[in-house]
Amino acid sequence: MKPTLKRLLPYFLAEPVPLSTGEKLRSGAAAFGGILLVGLIGSHFVSGLGLPLMVASMGASAVLLFATSHSPLAQPWPLIGGNLLSALVGVACSKAVHDPALAAALAVSLSILVMLLTHSLHPPGGAVSLIPVLGGDGVHALGYQFVLFPLGLDVLVLFIGALVIN
């Protein structure tokens, strides 16, 4: 039987997120405020390429925290542990491996392993592990300090925002 577009379409569509219009608006507003604060904080620690990368990974965390707050991936330990442990892995890989492609592959794969072993799986952690590897001179200069400032501070801002909103 020849598949038709009408029959295939349901396989490409996701179930709607069960949020009221008010909750959807609140989620969007919370993400705006959280990412604005993350960007402002990050600009004090990193200039150049590192800030957009950092905001990108925190943007993914904001989606989880503000739009799917009941997900196991959006709970406090995965948010905090997944981001901070992945950042440690990323910094270690950037210092130990000089080939960016190899360092990036190691950073992501090892951060997934560490998150799984520590029960802190948070998908944006994969992106966080890439920031120290690919973030440019501003991020490289921070070294392990990157884990606490600005990343730890960014995570704290989003965490507090999620507590207030949810």
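One can find the structure itself at the top, above this paragraph.
Rules used throughout
- Residues numbered from 1 in each chain as written.
- Predicted model: local features only at pLDDT ≥ 70, side-chain atom pairs only at ≥ 80, totals over all residues.
- Heavy atoms only, no water.
- Helix = DSSP H or I, 4+ residues; strand = E, 2+ residues; numbered from the N terminus.
- Expected span 1.5 Å × (residues − 1).
- Buried < 20%, exposed > 50% of the residue type's maximum accessible area, 1.4 Å probe, protein only.
- Arc of directions from axis to C-beta.
- Polar contact = N/O pair within 3.5 Å; in protein donor to acceptor, adjacent residues only side chain to side chain.
- Contact = heavy atoms within 4.5 Å.
- Core = buried A, V, L, I, M, F, W, Y, C linked by side-chain atoms within 4.5 Å.

A. Summary view of helix H5 (residues 100-117). Between its terminal C-alpha atoms H5 stretches 25 Å, which fits the 26 Å expected from 18 residues at 1.5 Å a residue. Listed in full, the buried residues belonging to H5 are Ala103, Ala104, Ala107, Ser111 and Met115. When H5 is viewed along its axis, its buried side chains cluster within an angular range of 100° and face the same direction. For H5, the exposed residues lying more than 90 degrees away from the buried face are Ala101 and Leu117.

B. Main features of helix H4 (residues 76-96). Relative to the 30 Å expected for 21 residues at 1.5 Å per residue, H4 spans 30 Å between its end C-alpha atoms, a close match to the ideal helical length. Where H4 is concerned, the buried positions are Pro78, Leu79, Gly81, Gly82, Asn83, Ser86, Ala87, Val89, Gly90, Val91 and Cys93.

C. A look at the side chain of Ser129. By the secondary structure assignment, Ser129 is in helix H6 (residues 124-134). In this structure Ser129 comes out as buried when scored by relative accessible area, which is 0%. A distance of 3.5 Å separates the side chain of Ser129 from the side chain of Ser111, its partner in a polar contact. Ignoring sequence-local partners within four residues, the contact set of Ser129 consists of Ser86, Gly90, Ala107, Val108 and Ser111.

D. Representation of the nonpolar core within the structure. Met58, Leu65, Phe66, Ala87, Phe146, Leu151 and Leu158 are the most contacted members of the largest nonpolar core, which totals 23 residues. Among the elements of the structure, helix H2 (21-45), helix H3 (50-67), H4, H6, helix H7 (137-142) and helix H8 (145-165) are those that each provide at least two residues to this core. Among all residues touching Leu158, those that are not within four sequence positions of it are Gly34, Val38, Met58, Ser61, Ala62, Leu65 and Phe66. Counting residues in hydrophobic clusters, the runner-up holds seven residues, among them Cys93, Ala103, Ala104 and Ala107.

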